[in-house]
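Fold and contact review
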Amino acid sequence: MTTIPQGAGAVRDQSEAATETTADAADPKLPPPVVWADERLGVAKGFGLFKKVFPDHWSFLLGEIAMYSLIICLITGTFLTFWFVPSMGHVIYDGSFVPLKGVGMSEAYASTLNISFDIKGGLLIRQLHHWAALLFIVGIALHVARVFFTGAFRKPREINWVIGTVLSLLACIEGFAGYSLPDDLLSGTGIRAMNGFMSSAPVIGTYLTFFVFGGQFPGELIIPRLYIAHVLLLPAILVGLFAVHIFLVFWHKHTQYPGPGRTNNNVVGFPLLPVYTAKAGGFFFIVFGVTALIAAVVTINPVWAYGPYDPGQVTAGSQPDFYMWFSDGALRLLPGWMEFSIFGVTFSPQIFLGSLVLLPLVWIILGAYPFVEQWITGDKREHHLLDRPRNAPVRTAVGAAAISMYLVLAVATINDIIAIKLHLSINDITVALRVLFFILPVIVFMVVKRLCLSLQRADRELVLHGTESGRIMRTPEGRFYEVHEELNEFDRWHLVQHEAQRPLSLTAGPDTDEYGVERPVGPLESMRRKLSEFYFKDRIEPVTPSELAAAHHHGEAEALPGGQARAIKESVERADETAGLRSDDRT
Amino acid sequence: MSEDQIAVHDPHAKPATYVEPEAADRFENPGLPPHRPRRADVDDDAAKRAERQVTTLFGLSILGTLGFIVAYFLVDPELRASVLVIGYVNLYHVILGLTLAMSLLGIGLGAVHWAKTIMPDTEVVEERHLQASDEEARNEAAGVLSQGYRSAQLHRRPMLLLTAGGALGLFALPLALQVAGGLGPLPGDALEHTVWRKGMRLMIDPSGTPITPEMVSQGSVIHVLPEGFVGESSHGEDGPSALEIMEAKANSSVLLVRLNPEQIKSQKQRDWGVDGIVAYSKICTHVGCPVALYERQTHHLLCPCHQSTFDMTDDCKVIFGPAKRPLPQLPITVEDGYLVAVDDFAEPIGPSYWERG
Ligand code: FES
């Protein structure tokens, strides 16, 4: 066993101690500006914050992507307001984009053309803004998935999860509002559809549209109203909630992945100063830089190609930005026969289900999930260690099934494009997708759950039998076997640290009393029991020390006292002698 | 925070009801693995190399920034060229974007590389404590609350709380009423009418020429707007405003098609047309996109938004997709040789709504 110096700092200290022992390092002083600020604000007291520790993992960057793209959107969006005119007033275009010269259009559209063609670098800022907005929503979606699949939403972070879901909904609405502002043919068609959704609302539909649009469609008010929502109302709420979201991350201290030395009572990682400042600060510039790179070379939303909005015209293959695809797809899949009239009023569920109901519903289910899961497990403990997705098979499978439903709806949005590209009938595709919407989640659920259980079994296998070393040995009796190498205790810990959640029937006692008579349980409680069975009936328990010992010694060697890691470690060091027995037996 | 409080929240501890007989039979957390120094920690040359890489990246950023400024002034904004992979582009835009990206990426990559190679990579452990306050703090908080409650005399005069609650609950209503009430007019019967009137000529959109029956050939589709809202006639002093034109386009756009009268299935459809020439609202009864795709062979109208398909020969009934209602037909006739409307649509056009019945 070689000794390894503890820490880079130690190594450096050894080498540097002799050469540079400056007075500075020995007796640090606050720089004068900080002293000035401290005398007025007491800032020095808060410098402990810089020592705060953050765990490191690539998946934690997904939320950072969202955060940084929000900042990019705020910066570039502010620039755009200097030139954009949020008015539906009619003008004749007279800018430098020749194909549209002399065409009548709204001031909003004309000023967007102006930004794109006559303001130096304006197109770059516009494209940065649009790409950053897409990245914002992609970042949020991936971040939500990360938090969901690792169980980071569990107590005590339920509130922050709810805030996060609200943020993600607002992000989509904010995106839609911004997308609508240029008043080009494509976005105008989107607004027209929005008008249609609103009128489908039972009872209040027409009032809703007349109040939002300030009268009949299209009116002259929708662009100014969407504008103020897009640049003031929604950003204010977004930034406010986002500040709370980040504050709570500090307050709770970041979750961490399980691993050697990581427990529920600590957080292991790097301090804010200097490592995280450099890494996170640097990552902001990387995100910004990559967005600039994309904005430089990939055109997005070329509004000049669509022409100004005209309610009598439409471009074929019109799709909204991708984050609205699922709603647009739902509108394509819901069949028209759902509409009916009764007592002189009309219900159009095929419209409001796919829009007015679907959007809030998705986010309500998302926001409620932590509370539902907690109710099912009855687990009231704090959780700061993340789950590996495979160790929560049903949660992972439920998440995957939900994503598959989302994807079916999203694909439905491009059913016309698929039909053209693959020369299929659009009707067949639509019917197939309708069926798929119900069947695919079930299949995905079953497959993913099985996959998680198999992965857990593979983990067990690895712990019990080690890795194949590639060395073939021959026993004195002439039999061959491959030497298996035991995992070291650090690698093993990853695979055995979790606990397998058990169903309530095991943990809360049986449903019958000692005479075999069923205990009376209310309908809610019995549903809870059923859900608990559904979640935790099939499970793989992690390897225990005695199981490992048993596998090790083929059941005949000395038994290890339970929980005695030391003894295990010794036996690990004797792995080679025993490997033969074990592997031989398996052949 | 006392030692045993944390112990209770050990990851392997179970709530009181949780019975796990073999709870003791678990592996122990082996603790942090030994730290392995990086090349730059032990090899001075490697450290110097890392430093050079970081300074180079920061240097590139400065170059990018300067490049942007120079390009901003010196490159011709109209410069266009074909660029490999990207295609034909505005080169000015691309140069600005690339230099900006260089300026930003230089800083970002430099800082991250610095953190990864030169800054310490020894993991630091910070304690974590339960979120919940301890009993003492909770009791104190309860004391503060009850002290405030009692000193405000709420325990003796409950009407104070009730009326204060009522007033606070209601005070926002006037503001809400003002904003909601002022947002828009009441719909009234606005959705039941379009601008079509008896005797109004059908005009080609966008040229604004009136249409004779001979101009409508079999298999072609003509986009139509009402007289006065398109072409020359709409520009006059007392013509409609830009807003009125937009609204007319949104509710009075019509498609004109000539069918073989034999193919037409309903008598009403034949009666409301002229020798097989029929006019239908162009506004989809789903959520209102213009139904713009006409298939000659099948006489199907397809809405590009969500693919509702309407059968022209069967009074524009829906044969597929999310729309429910047929497109409303505009009754037309011939006056002075030109096609004119007999009346407005008999039913509301466009998306369904509650009061439509
Ligand atoms: S608007 Fe025509 S199908 Fe939806």
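Now for the domain arrangement of chain B. Partitioning chain B into structural domains gives domain 1 (39–123 + 131–180) and domain 2 (202–341). Between domain 1 of chain B and domain 2 of chain B, the C-alpha centre-to-centre distance is 53 Å.

Attention now goes to the confidence of the model for chain A. All names here are of chain A. Per-residue confidence for chain A gives a mean pLDDT of 87; residues scoring 70 or more make up 88%. Counted against residues more than four places away or in other chains, residues 15–21, with its pLDDT under 50, gives one contact. Scored below 50 in pLDDT, residues 555–587 shows 54 contacts in the model against residues more than four places distant or in partner chains.

Okay, the nonpolar core next. L128(A), F136(A) and I222(A) are the most contacted members of the largest nonpolar core, which has 109 residues in total. Membership of the second largest hydrophobic core comes to 23 residues, among which are A248(B), I283(B), I332(B) and A341(B).

Quick look at the state of the cysteines now. All names here are of chain B. Applying the stated criterion across every chain yields a total of one disulfide over all chains. Two residues share a disulfide in this structure: C289 and C305, whose sulfurs sit 1.9 Å from each other. Residues C289 and C305 share a disulfide whose torsion about the S-S bond is about -80°; that sign makes it left-handed. Taken as a pair, C289 in the loop between β7 (277–281) and β8 (293–295) and C305 in the loop between β9 (300–302) and β10 (309–311) lie far apart in primary sequence, 16 residues in all. In this structure, C289 and C305 share a single accessibility class: buried.

Once that is clear, we can look at the interface of chain B and chain A. With 107 residues of chain B at the interface, the matching set in chain A holds 132 residues. The junction of chain B with chain A conceals about 10,500 Å² of combined surface from both sides, 62% of it contributed by carbon and sulfur atoms. Of all residues in chain B, F27(B), R128(B) and W354(B) bury the most surface against chain A, accounting for 10% of the area lost on that side. Linking chain B with chain A are four salt bridges, by the criterion used here. Across the pair E339(A) and R325(B) runs a salt bridge whose closest N-O atoms are separated by 3.0 Å.

Residues and elements named next belong to chain B. Residues L60, I62, L63, L66, I69, V70, F73, L74 and M102 make up a contiguous nonpolar surface patch of roughly 900 Å² in combined accessible area. With eight residues, the single largest contributor to the nonpolar patch is helix α3 (residues 44–74). Looking at the secondary structure, you find I62 in helix α3. Judged by relative accessible area, I62 falls into the exposed class, the value being 53%.

Cut-off values and rules
- Residues numbered from 1 in each chain as written.
- Chains lettered and ligands numbered in written order.
- Predicted model: local features only at pLDDT ≥ 70, side-chain atom pairs only at ≥ 80, totals over all residues.
- Heavy atoms only, no water.
- Domains from an automatic or database assignment.
- pLDDT = per-residue confidence, 0-100.
- Contact = heavy atoms within 4.5 Å.
- Core = buried A, V, L, I, M, F, W, Y, C linked by side-chain atoms within 4.5 Å.
- Buried < 20%, exposed > 50% of the residue type's maximum accessible area, 1.4 Å probe, protein only.
- Disulfide = S-S within 2.5 Å.
- Helix = DSSP H or I, 4+ residues; strand = E, 2+ residues; numbered from the N terminus.
- Buried area = accessible area lost by both parts, 1.4 Å probe.
- Salt bridge = Lys/Arg side-chain N within 4 Å of Asp/Glu carboxyl O.
- Patch = residues over 30% accessible without salt bridge, like charges linked within 9 Å, V, L, I, M, F, W, Y side chains within 5 Å.
- Areas by Shrake-Rupley, 256 points an atom, 1.4 Å probe, with all protein chains shown as cover.

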